[in-house]
Amino acid sequence: MMQSTVSCYECAKEDCDLPDERLRLCKTEINCWKYSHRAFEDEIQYSRGCIRSFTQYELMCNNTEQDNTRHHYQCCLGEFCNNGDFPLLEKYGDGVGALTIVLIGLTLFFLSICAITAYRTKPNKNNASSAHSRRRHATVMFTAKSNSDSIDTDFPSVDDSSNQEYSNDPSIGNGSGFGTSVSIQNNLPKYISLVKSLNNSKYGPEQSLLYLGCRQDECVIVKTYPRIAETRWIREIEIYTKLLHFKHDNILQYIASDKSGPQLWIVTHCPSSGTLINYLKEVPLTEHGMFQACKSLTDGLSYLHKEIKGKKGKGAMAHRNLSAENVFVEKNTVCVIGGFEYAATNDWIAEFDFLEHAYKRYMSPELLRPDFHDEIWSLTSFQQADIYSLSLIFWEICRMYDTESDSVIYVAPFSEWLTNYSREPTIQEMRELIADDRKPGIPDHWQKDPIMNSLKSMIEACWDTNVSERWSLERIKKMLLTLTR
């Protein structure tokens with residue numbers, strides 16, 4: 001049954017003082033909202049409007065971290081239900097800084113104004129759906145309008161040279177074979193609000209972090225780097241702009257970057273279902289979804305590994321940090337790969353800082369050896385290490401398609417041998433597991449199912465300690481194709 005639209009009042013700042021009959025109207029199939037926030041010198045400002053995307057719903061209606069001393073949203077579903085008194089703000093203590101209050105209040109109020117402005121200048125494209133269904137999906141789906149082809153870049157465009165600054169840092173491009181400069185955007189934090197952390201573990205001060213970002217009613221992924229990690233930030237921009245500049249269905253699409261704030265930003269397209277690790281925690285997989293995820297992930301990694309010649313060509317590369325946190329999920333369980341700060345190419349092999357900062361859980365046994373630095377490594381060696389990482393992600397995906405249980409719970413690889421789930425394991429912890437030839441446990445009932453038993457054989461071959469025994473991506477593709485016929 002299709003949910004009919006409801007009308008809501010829409011206003012901002014002093015316009016909200018007008019009588020109801022003079023207020024603008026908007027229509028929605030999700031919720032109406034009204035909002036109070038504390039601005040300069042304790043001035044309270046108000047706004048009303050319509051929820052038009054899952055991103056707005058998550059921020060305004062489903063935000064359990066809302067601080068009602070500074071800003072307070074109320075959501076409702078009904079004809080003109082957002083009229084009447086605005087939500088009350090709680091009193092805050094004397095120790096709360098006025099500047100902090102102003103900054104947070106202005107950010108959220110700006111987001112509200114942007115949502116109203118975007119709707120007045122763009123047609124509403126939301127499809128009719130039940131309000132219950134939209135609320136249910138809001139915990140998993142980030143936005144109904146995350147198609148990168150339709151992103152409305154009112155913030156400075158990647159191709160708009162008037163809004164670009166060019167870094168004079170001589171390290172940009174040196175040694176990569178990609179050129180000598182990278183174009184950087186100005187002031188993206190003014191246009192994008194960080195809504196929700198997408199990180200699942202505790203990390204050190206030099207780690208990059210992922211966030212769901214909101215610009216008006218659009219969704220993006222924002223990856224932040226501390227200033228101390230600028231070399232890695234530059235490297236990832238170079239990979240996106242110089243090596244992966246042609247669109248591929250299974251590679252995360254780059255939008256822009258920024259170095260104007262205290263942190264360094266990379267902004268990318270937002271796949272509709274977020275990171276693979278979060279998706280697996282929320283959504284049980286069907287057999288079709290399991291194969292779709294495995295096949296698309298294999299296609300993406302195959303594209304990275306290949307050298308492609310011609311005008312739309314690219315050099316061969318290895319990822320070196322493949323994990324369920326660097327893989328994202330589009331509709332129909334299609335996977336896309338991101339996180340290229342440690343990527344290796346034929347011109348960039350001898351940089352080994354990934355051993356300190358990359359995901360240890362997914363590192364292959366040969367990378368974890370104490371004498372790693374004494375070896376001479378080729379690009380092929382790192383590509384074979386990617387196959388090992390891929391096998392662990394396959395295990396995570398296949399485990400969440402369980403023919404024996406309707407309540408299978410996601411666990412990360414090697415969790416049964418690690419004492420602390422809230423952080424990434426250390427190199428020493430992983431070395432001890434590898435020394436004991438530990439592998440993630442495979443359920444016994446997989447052997448009873450011909451399809452799952454074949455996947456078991458493939459996974460075990462791909463995580464073999466003997467590098468020469470690991471399957472090639474072409475062989476993996478053929479196996480997955482055979483099993484789905």
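Only a predicted model underlies this, so the values are computations on that prediction, with no experimental measurement involved. (Residues numbered from 1 in each chain as written. Predicted model: local features only at pLDDT ≥ 70, side-chain atom pairs only at ≥ 80, totals over all residues. Heavy atoms only, no water.)

1. As for the pairing of strand 9 (residues 209-215)
- Burial runs high along strand 9: six of the seven residues are buried.
- The pairing of strand 8 (residues 193-197) with strand 9 spans four bridges and is antiparallel. Across the sheet, residue Ser193 finds its bridge partner in strand 9, namely Cys214.
- In terms of strand pairing, strand 9 meets strand 10 (residues 218-225) through seven bridges, oriented antiparallel. (Buried < 20%, exposed > 50% of the residue type's maximum accessible area, 1.4 Å probe, protein only. Helix = DSSP H or I, 4+ residues; strand = E, 2+ residues; numbered from the N terminus. Pairing = 2+ DSSP bridges.)

2. Thoughts on the pattern of salt bridges
- All told, the structure shown has twelve salt bridges when counted by the stated rule.
- A salt bridge links Glu460 to Lys456; the nearest nitrogen and oxygen atoms lie 3.2 Å apart. Placement of the pair is Glu460 and Lys456 together in helix 11 (residues 450-462), with a separation of four residues, close to one helical turn.
- Here the residues in one salt-bridge network are Lys223, Arg232, Glu236 and Glu341, joined through shared partners. (Salt bridge = Lys/Arg side-chain N within 4 Å of Asp/Glu carboxyl O.)

3. Focus on the packing of aromatic side chains
- Overall, the coordinates contain eight aromatic pairs when judged by the stated rule.
- Ring centres 6.0 Å apart and planes at 75 degrees place the aromatic pair Trp33 and Tyr73 in the edge-to-face group. Of this pair, Trp33 sits in strand 3 (residues 31-38) while Tyr73 sits in strand 5 (residues 71-76), and the two are 40 residues apart along the sequence.
- These aromatic residues form a ring-pair network of at least three members: Trp33, Tyr35 and Tyr73.
- Sitting above the plane of the Tyr303 ring, Lys314 keeps its charged end 5.2 Å from the centroid.
- Against the face of Phe382 rests Arg320, its NZ or CZ located 4.7 Å from the ring centre. (Phe/Tyr/Trp six-rings, centres within 6.5 Å; stacked < 30°, edge-to-face > 60°. Lys NZ or Arg CZ within 6 Å of the ring centre and 35° of its normal.)

4. Things to note about empty space enclosed by the protein
- Applying the stated rule across the entire model yields four cavities of 30 Å³ or more.
- Forming the boundary of the largest cavity are 15 residues, of which Gln207, Ser208, Asn326, Glu341 and Tyr359 lie nearest the centre.
- Taken together, the residues of the lining of the largest cavity break down into six nonpolar, six polar and three charged. (1 Å grid on protein atoms, 1.4 Å probe; cavity = no way out; pocket = protein on both sides within 12 Å on 5 of 7 lines; lining within 4 Å. Points joined across faces, edges and corners; volume = space filled by probe spheres on them. Nonpolar A, V, L, I, M, F, W, Y, C, P; charged D, E, K, R; others polar.)

5. Concerning the side chain of Glu396
- Tracing the backbone shows Glu396 in helix 9 (residues 379-399).
- There is no salt bridge for the buried Glu396, and the closest opposite charge comes from Arg361, which lies 7.0 Å off by N-O distance.
- Glu396 has contacts with Leu280, Ala324, Tyr362, Tyr410 and Pro413, leaving out every residue within four places of it along the chain. (Lys, Arg positive; Asp, Glu negative; His and termini not counted. Contact = heavy atoms within 4.5 Å.)

6. What about the state of the cysteines?
- Scanning the model with the defined rule gives four disulfides in all.
- At a sulfur-sulfur separation of 2.0 Å, the disulfide partner of Cys26 is Cys50. Across the S-S bond linking Cys26 and Cys50, the dihedral sits near 100 degrees, which makes this disulfide right-handed. One end of the pair, Cys26, is in strand 2 (residues 24-28); the other, Cys50, is in strand 4 (residues 44-51), and 24 residues separate them in sequence. Here Cys26 and Cys50 have matching classes, each one buried.
- Shown here is the disulfide that connects Cys76 with Cys81, its sulfur atoms set 2.1 Å apart. (Disulfide = S-S within 2.5 Å.)

7. Overview of the packing of helix 6 (residues 287-305) against helix 11
- Direction vectors running N to C along helix 6 and helix 11 enclose 20 degrees, while the axes themselves pass 13 Å from each other. By the angle class used here, helix 6 and helix 11 are roughly parallel. For the pair helix 6 and helix 11, the sense of crossing is left-handed. Note on element contacts: helix 11 touches helix 6 through Ile451, Met452 and Leu455, opposite Glu287, Met290 and Phe291. (Axes fitted to C-alpha atoms, helices over the stretch in contact; angles between N-to-C directions. Parallel < 35°, antiparallel > 145°, perpendicular 65-115°, else oblique. Left-handed = near helix turned anticlockwise from the far one by under 90°.)

8. Describing the nonpolar core
- Counting residues in hydrophobic clusters, the biggest one holds 94 residues, and the most contacted among them are Phe340 and Ile397.
- Of all the elements, helix 9 adds the most residues to this core, at twelve residues.
- Residues within four places of Ile397 in sequence aside, it is in contact with Leu276, Leu280, Leu285, Met290, Ala293, Cys294 and Leu297.
- Counting residues in each nonpolar core, the second largest holds eight residues, with Ile255, Ala256, Trp265 and Val267 among its members. (Core = buried A, V, L, I, M, F, W, Y, C linked by side-chain atoms within 4.5 Å.)

9. Quick look at the side chain of Arg235
- Following the sequence through the fold, Arg235 ends up in helix 4 (residues 230-243).
- For the buried Arg235, which has no salt bridge, the nearest side chain bearing the opposite charge is Glu238, at an N-O separation of 4.2 Å.

10. Let's talk about the environment of His72
- Its location among the elements puts His72 in strand 5.
- Linking His72 and Pro87, residues 15 residues apart in sequence, is a C-alpha distance of 6.3 Å.

11. Description of the sheet that holds strand 1 (residues 6-12)
- In spatial order, the strands read 2-1-4-3-5; together these five strands make up an open sheet with antiparallel pairing. A single partner strand is all that each edge strand has here, and the edge strands are strand 2 and strand 5. Strand-to-strand twist in this sheet, taken as the mean axis angle between neighbours without regard to direction, amounts to 25 degrees.
- As defined by bridge partners, strand 1 adjoins strand 4 across two bridges and the pair is classed as antiparallel. Bridging from a neighbouring strand, Cys11 pairs with Arg48 of strand 4.

12. Observations regarding helix 10 (residues 427-435)
- Among the residues of helix 10, those classed as buried are Met430, Leu433 and Ile434. Here the buried residues of helix 10 occupy an arc of 95 degrees about the axis, which is enough to place them on one side.
- Buried residues along helix 10 sit in contact with helix 8 (365-368) and helix 9.
- Phi for Asp437, located one or two positions after helix 10, is positive at around 55 degrees. (Arc of directions from axis to C-beta.)

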